[in-house]
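Read off the chains here:
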Amino acid sequence: MLTYVLAVLAACSNAVSSVLQRKANKRVPQSENMSLRQIWTLLHQPVWFGGIAAITAGFLLQATALGTGQLSVVEPVLVLELPFTLILASRVFRQRLGPAGWLPAGAMTAGLAGLLYFLAPSTGGPPRVHWYGWLAGVGGNLLLVGFLVLLARRGSFRNDRGQGPGRRGGSFRAAMLAVAAGSTFGLTAALMKAMTRTLAEGLGHLFTDWPIYAMVAAGVLGMFLTQAALNAGQLIAAQPGLTLSDPLISVLWGVLVFHEQVRQGWFILGEVLSAGVIVAGVVMLAHSPLLADDAGAKPERSQEEPATVR
């Protein structure tokens, strides 16, 4: 039970971070996307530091949850970040959250409960992963991230008339960068799990072994890609990738690398149906006007579209 409580609190912290980071990124020129100049501009936005503090708290809660539970249990619960973000956005921007918001949020919650029931994850086998398991896992994960970033950079960034960044090109760029960021955070969760196992051997082992440093590096990369995704286009393009890719990659890590056991046989049908309900809820919520536009917000000097909240 403690694992679930910590994971839910981590999702809440991530939701707070999403709102604050989005408010900061809407003031950043899109010409600075995926550059150190973007980070420099964000460093002059006090609200951005609030978002960083919130996501740091989320990381700590997530790490504690992973210390007591499995990847395939903790990470799917973080999908609740999306409905939490919706509720918070309705308060911050003073918009009413009607049935169109509550229905998909409830569907996501039900789908998550069904998924965890049908998966019924159990503790992984070996206490440590062999070096070749880490090499294959990290290498494959980073190749996926690199491929997605390449797609984002090669995508069309101009409108149909060729005059500046177009909405379609910005949405594609935001979507690809969001999936890349979520995939990087999935790797971070796996390294976090390894770090908790190292910590169990003593505090001295924590700083003399590699997982903690690899986790920090992956976390920094994930944060950089997140800022790029939040700045590149509308939330409607970024949110599904940010919400779903992290738990998907984490569950794959848990099953394929950490050898966590999940139910098979006829339970797979229930798992697929539950996952489908979650995906449907994410898509419905991503189209919510609460997440698509700040209420009555005017475009900033850097944005051609209304400011959005992730």
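Anything mentioned here points back to the structure above.
Conventions and cut-offs
- Residues numbered from 1 in each chain as written.
- Predicted model: local features only at pLDDT ≥ 70, side-chain atom pairs only at ≥ 80, totals over all residues.
- Heavy atoms only, no water.
- Helix = DSSP H or I, 4+ residues; strand = E, 2+ residues; numbered from the N terminus.
- Buried < 20%, exposed > 50% of the residue type's maximum accessible area, 1.4 Å probe, protein only.
- Axes fitted to C-alpha atoms, helices over the stretch in contact; angles between N-to-C directions.
- Parallel < 35°, antiparallel > 145°, perpendicular 65-115°, else oblique.
- Left-handed = near helix turned anticlockwise from the far one by under 90°.
- Contact = heavy atoms within 4.5 Å.
- Polar contact = N/O pair within 3.5 Å; in protein donor to acceptor, adjacent residues only side chain to side chain.
- Expected span 1.5 Å × (residues − 1).
- Salt bridge = Lys/Arg side-chain N within 4 Å of Asp/Glu carboxyl O.
- Phe/Tyr/Trp six-rings, centres within 6.5 Å; stacked < 30°, edge-to-face > 60°.
- Lys NZ or Arg CZ within 6 Å of the ring centre and 35° of its normal.
- Core = buried A, V, L, I, M, F, W, Y, C linked by side-chain atoms within 4.5 Å.

Peer 1: Can you help me understand the environment of Thr41 in this one?
Peer 2: Note on placement: Thr41 falls in helix H2 (residues 36-42). When its relative accessible area of 11% is taken as the criterion, Thr41 is described as buried.

Peer 1: When you look at the packing of helix H1 (residues 2-25) against helix H10 (residues 211-232) in this model, what are you seeing that I'm missing?
Peer 2: Helix packing geometry: the angle between the two helix axes and the distance between the axes. The geometry of H1 relative to H10 is characterised by a closest axis approach of 9 Å and an angle of 60 degrees between their N-to-C directions. Comparing their axes, H10 and H1 come out oblique. The crossing of H1 and H10 is right-handed. Residue-level inspection shows Gln21, Arg22 and Asn25 of H1 in contact with H10, the latter providing Met223, Thr226, Gln227, Ala229, Leu230 and Asn231.

Peer 1: Which parts of the structure should I look at to understand the side chain of Arg173?
Peer 2: Position of Arg173 among the secondary structure elements: in helix H8 (residues 167-199). At 3.1 Å, the side chain of Arg173 and the side chain of Asn33 are in polar contact.

Peer 1: Got a minute to help me understand helix H3 (residues 46-68) in this structure?
Peer 2: An α-helical turn contains 3.6 residues, so a residue and the one three or four places further along point in the same direction. Along its 23 residues, H3 runs 34 Å from first to last C-alpha, staying within 8% of the 33 Å computed at 1.5 Å per residue. Listed as buried for H3 are Trp48, Gly51, Ala54, Ile55, Gly58, Gln62, Ala63, Ala65 and Leu66.

Peer 1: How do you make sense of the pattern of salt bridges when you look at a structure like this?
Peer 2: Where charged atoms of side chains with opposite charge meet at close range, the side chains can pair. In this structure the tally under the stated criterion is one salt bridge. Residue Glu32 pairs with Arg37 through a salt bridge whose shortest N-O separation is 3.6 Å. Taking relative accessible area as the criterion, Glu32 reaches 13% and is therefore assigned buried.

Peer 1: Could you clarify how one ought to interpret the packing of aromatic side chains in this entry?
Peer 2: Any aromatic ring pair is given by two values, namely how distant the centres are and how the planes are angled relative to each other. The full count for this structure, using the stated rule, is nine aromatic pairs. Members of the aromatic cluster, each reached through a chain of ring pairs, are Tyr117, Phe118, Trp266 and Phe267. The residue whose ring lies beneath Arg263 is Tyr117, and the NZ or CZ to ring-centre distance is 5.2 Å.

Peer 1: When you look at the nonpolar core in this model, what are you seeing that I'm missing?
Peer 2: One recurring pattern in soluble globular proteins is that nonpolar side chains are buried together. In terms of nonpolar packing, the biggest core is built from 38 residues, with Leu71, Trp134, Trp253 and Phe258 touching the most fellow members. Those elements giving two or more residues to this core turn out to be H1, H3, helix H4 (71-77), helix H6 (99-119), H8, H10, helix H11 (235-256) and helix H12 (267-286). Ranked by residue count, the leading element in this core is H8, at seven residues. Setting aside chain neighbours within four positions, we find Trp134 in contact with Val129, Gly139, Ala190, Leu191, Ala194, Trp210, Trp253 and Phe258. By size, the runner-up hydrophobic cluster in this structure holds 18 residues, among which are Val145, Leu177, Ala180 and Ala238.

Functional significance is not addressed by these values, which are geometric in nature.
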